[in-house]
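# Structural overview
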Amino acid sequence: QVQLLESGGGQVQAGSSLSVSCLASGRTFSRYAVAWFRQAPGKEREFVASIGSTAGTQYAGSVEGRFSISRDNAKNTVYLQMNSLKPEDTAVYYCAADRSFPGLFATGWDFWGQGTQVTVSS
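Please read these numbers as outputs of a predicted model, since none were measured by experiment. (Residues numbered from 1 in each chain as written. Predicted model: local features only at pLDDT ≥ 70, side-chain atom pairs only at ≥ 80, totals over all residues. Heavy atoms only, no water.)

With the rule as written, the count across this model stands at three salt bridges. Glutamate 46 is the partner of arginine 38 in a salt bridge, and the nearest nitrogen-oxygen pair spans 2.6 Å. Between arginine 66 and aspartate 89 there is a salt bridge, with the nearest N and O atoms lying 2.8 Å from each other. On the criterion of sequence distance, the pair formed by arginine 66 in the loop between strand S6 (57–59) and strand S7 (67–72) and aspartate 89 in the loop between strand S8 (77–82) and strand S9 (91–98) is long-range, its members being 23 residues apart. Both residues of the pair, arginine 66 and aspartate 89, belong to the buried class. A cluster of three or more residues bridged by salt bridges with shared partners is formed by Arg38, Glu46, Arg66 and Asp89. (Salt bridge = Lys/Arg side-chain N within 4 Å of Asp/Glu carboxyl O. Helix = DSSP H or I, 4+ residues; strand = E, 2+ residues; numbered from the N terminus. Buried < 20%, exposed > 50% of the residue type's maximum accessible area, 1.4 Å probe, protein only.)

Set out below in structure tokens:
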């Protein structure tokens, strides 16, 4: 069982940077793939980025080159660094974890945090 807690959201201007964090419980966290998803009002939850247990990464096309995902297994934490933020990045950002990599759809992931709001104003 893994419990996830996101932090670091906030409100920023377009073009700014923001970092969100996902703190996990559990001694075997290093074995889990972790992903960030986001959900804007009235829209489906969408994949943003993921990092595997061996630190391989994957990004959605809409954030490629602007966002960077990383993990510090000693701290049981995964980070999402968001640069050049746009108003369309406004959403609740969720951290998800799974023992395998279930794919780019939210339904496949076993464990979820409560989310953190990121608001980007123009």
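This part covers the state of the cysteines. Taken as a whole and judged by the stated rule, the model has one disulfide. Bridging cysteine 22 to cysteine 95, the disulfide has an S-S length of 2.0 Å. Here the S-S torsion is close to -75°, and the disulfide linking cysteine 22 with cysteine 95 is therefore left-handed. Of the two residues, cysteine 22 is situated in strand S3 (residues 18–24) and cysteine 95 in strand S9; the sequence distance between them amounts to 73 residues. For the pair cysteine 22 and cysteine 95, one class covers both residues: buried. (Disulfide = S-S within 2.5 Å.)

Moving on, we come to the pairing of S9. Along any regular strand the residues' side chains alternate between the sheet's two faces. Of all the eight residues making up S9, seven are buried; the element is thus mostly covered by neighbouring parts of the structure. Taken together, the seven bridges between strand S4 (residues 33–39) and S9 define a ladder with antiparallel strand orientation. Counted as the bridge partner of phenylalanine 37 is tyrosine 94 from S9. Bridge count between S9 and strand S11 (residues 116–121): three bridges; the pairing is antiparallel. Looking at the pairing, valine 92 lines up with glutamine 117 of S11. Relative to strand S10 (residues 111–112), S9 runs antiparallel, the two sharing two bridges. Paired with alanine 96 across the strands is tryptophan 112, a residue of S10. (Pairing = 2+ DSSP bridges.)

Function cannot be inferred from these measures alone, as they are strictly geometric.
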